[in-house]
Protein chains: 2
Amino acid sequence: MNPETFERDALAWLRADRSLGAGELARRCLGLLSDFALRHPAGDAEALGSALESLAGRMAATRPSMAPVQNLLLRWRRLVTEPGMRDPQRLRETAVRGARELTRASREATSGAARSAASTVPSGATVITHSLSSTVLTLFRLRAGEGVRAIVTESRPLLEGTSLARELSKLHVPTRYITDAQMGVFAPEADLAVVGADSVLADGTVVNKAGTRLLALAARDSGIPFYVCCESLKYARTAPGEAVLESMPPDELDAPPLDGVVVSNVYFDLTPPHLVSAWIDENGVHAQRPREAGPTERLARDGGRPGTD
Amino acid sequence: MNPETFERDALAWLRADRSLGAGELARRCLGLLSDFALRHPAGDAEALGSALESLAGRMAATRPSMAPVQNLLLRWRRLVTEPGMRDPQRLRETAVRGARELTRASREATSGAARSAASTVPSGATVITHSLSSTVLTLFRLRAGEGVRAIVTESRPLLEGTSLARELSKLHVPTRYITDAQMGVFAPEADLAVVGADSVLADGTVVNKAGTRLLALAARDSGIPFYVCCESLKYARTAPGEAVLESMPPDELDAPPLDGVVVSNVYFDLTPPHLVSAWIDENGVHAQRPREAGPTERLARDGGRPGTD
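The rules behind these values
Residues numbered from 1 in each chain as written. Chains lettered and ligands numbered in written order. Predicted model: local features only at pLDDT ≥ 70, side-chain atom pairs only at ≥ 80, totals over all residues. Heavy atoms only, no water. Helix = DSSP H or I, 4+ residues; strand = E, 2+ residues; numbered from the N terminus. Rg over C-alpha atoms; globule rule 2.2 N^0.38 Å. Buried < 20%, exposed > 50% of the residue type's maximum accessible area, 1.4 Å probe, protein only. Contact = heavy atoms within 4.5 Å. Areas by Shrake-Rupley, 256 points an atom, 1.4 Å probe, with all protein chains shown as cover. Lys, Arg positive; Asp, Glu negative; His and termini not counted. Charge placed at Lys NZ, Arg CZ, Asp CG, Glu CD. Pairing = 2+ DSSP bridges. Least-squares fit on C-alpha atoms with pLDDT ≥ 70 in both. Buried area = accessible area lost by both parts, 1.4 Å probe. Salt bridge = Lys/Arg side-chain N within 4 Å of Asp/Glu carboxyl O. Polar contact = N/O pair within 3.5 Å; in protein donor to acceptor, adjacent residues only side chain to side chain.

### Focus: the overall build of chain A
- Within chain A, the secondary structure is distributed over ten helices and eleven strands.
- Expected size for 309 residues packed as a compact globule is a radius of gyration near 19 Å; at 20 Å, chain A falls within 12% of this value.
- Considering only C-alpha atoms, chain A reaches an extent of 65 × 50 × 40 Å along its principal axes.
- Classification of the 309 residues of chain A by burial places 59% in the buried group.
- Sequence separation of 24 or more characterises 73% of the internal contacts of chain A that already satisfy a separation of 6 or more.
- Working note: accessible area of chain A is about 12,300 Å², and carbon and sulfur atoms make up 48% of it.
- Between the centroid of the 36 positive side chains of chain A and the centroid of its 38 negative side chains there is a distance of 4 Å.

The structure is reproduced here in structure tokens:
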């Protein structure tokens, strides 16, 4: 294996990906790091450790607004840079086992968050959501067959809502599919609103697909609760003022080119904590974003490198 | 002319039209009624009057949620059913002149409303709007060249926002074009929000393109004023609970057909008065929807038929 080629390809893939949620993206990174550790030609532990540390850090820096990428990778990096590791073979085993265990823990946290969220949805309730969240989809999977109904937005520009509607159709969850603009019409028909998150910032602000803030506003004005549901790995230490909202290519909107007209395609918006009824993670339903949860924070407290998230 | 054919064609056109705003739709109806009066073969005033009265009433009933259609047509009907009209030729002249005068008054009211609204927009201000309103477009025309900027939503499903962006480009108004879902991202960048209306209900509730309520919510949460701007002919006597929100064909969303998934395409939403900073019409800027304005109300007070709006 050529380490430079491997690194370049991995970072290029990570930079370009737009199909995976933040949690799955982080798990794929761990898979690549595990591969990298196994196949890296370094003969001594110090050179190998430094190569692993460098790739994990560069991956984390590539998707700064994806909290799980930050949290999982920095946690893994902590494992492979433990002082006193002299045997390259032992380091490889640590790297592979660490990636496997963190991946498993992350998957369990995601299902745990969905289970916690499912407990807030009464039988027969109508749930309105925005965009496609694997945690919210798992929630519907857990409650399908109990008369739970869904209201799903199309989620322009890439229409992730159609993928969610397709899955809900397979689960036989009765679903209403609407334009994003109709959220204000249909929020009053729902009993509650639930969304996933790409990150939850230090003050509880939710970073999620653009339109989430509008759903939260419509929910509050319609008198229904608005829940955010995600594994605690998505908790970041970032303040809202420091959040980077990734933009995607404007041509996804298919707007006609016009002089003096700038097309914007900001993918995420910020839903401030005053619009959130509860933060739901694998540890339960919380009236405030829990302070204790991000592994990055634990790392920092343990004397490891503070997270850059 | 065959009066039955004329009536049938006129009502079919009116029922199907989706391209015109409520005000323009009402003015086209007056044009048709004027034609109908001129070309109707009736030899006596009573038969002619009854034919005119009937077509105007049926037109008004065809678009119940369009306040100007109600208001202008019922006002015109009042003119052609004045008691004591014995001469069919004089009745024809009254019908034609009435249609012409009401059309002119309606156009003047629309420009007057845009002039009133323009007075609330400081030089250099950024204005966010939703969908396409001819009154809001006139406002931009009045203020183009004074550093006023626009933020325009695409307005799914039929993308009226692209027509507005095209006109703003011609006017050299610097414009940002966004998905409806990005309203929450960009409302904080604007100094004020302005929309037109299809109707304004008795309590001040705004009936306008779906998504308007979301813009009003985002405006309030972002601390910017939200103005509705339309001629007073759009004031209806309807209460919000009685409002009919027209739906259009679901296939406009281009969603894949899926078992158990219902596609909704409700065209209008209701923005309640607590989200409206001011109601702007040809008579000025009002902190509440004026009680005095709809010609229907005046008709009712004059002893004419009460409006069915």
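From this point, things continue past the structure.
### Remarks on the pairing of strand β7 (residues 226-229) of chain A
All names here are of chain A.
- Burial along β7 is two-sided: Phe 226 and Val 228 facing one way and Tyr 227 and Cys 229 facing the other are all buried.
- Strand direction decides the pairing type here: strand β4 (residues 192-195) and β7, joined by three bridges, are parallel. Its bridge partner being in β7, Ala 193 is matched across the sheet by Phe 226.
- Pairing analysis gives three bridges linking β7 to strand β10 (residues 278-281), with the strands arranged parallel. Residue pairing in the sheet places Val 228 in a bridge with Trp 279 of β10.

### Considerations on the relation of the copies chain B and chain A
- Relative to chain A, chain B is turned by 180 degrees and slid 0.0 Å along the rotation axis, the superposed coordinates differing by an RMSD of 0.1 Å. Expressed as an axis order, the relation between the two copies is that of a two-fold axis.

### Thoughts on the interface of chain B and chain A
- Listed per partner, the contact involves 48 residues of chain B and 48 residues of chain A.
- Across the interface of chain B and chain A, roughly 3,700 Å² is buried in total on both sides, 58% from carbon and sulfur atoms.
- Considering only the side of chain B, the residues that lose the most area to chain A are Arg 213, Leu 214 and Asp 221 of chain B, jointly responsible for 16% of the buried surface there.
- The tally of links from chain B across to chain A stands at six salt bridges.
- Here Arg 156 of chain B makes a salt bridge to Glu 154 of chain A, at a shortest N to O gap of 2.6 Å.
- Run the count over chain B and chain A and you get 28 residue pairs in polar contact (both at pLDDT 80 or more).

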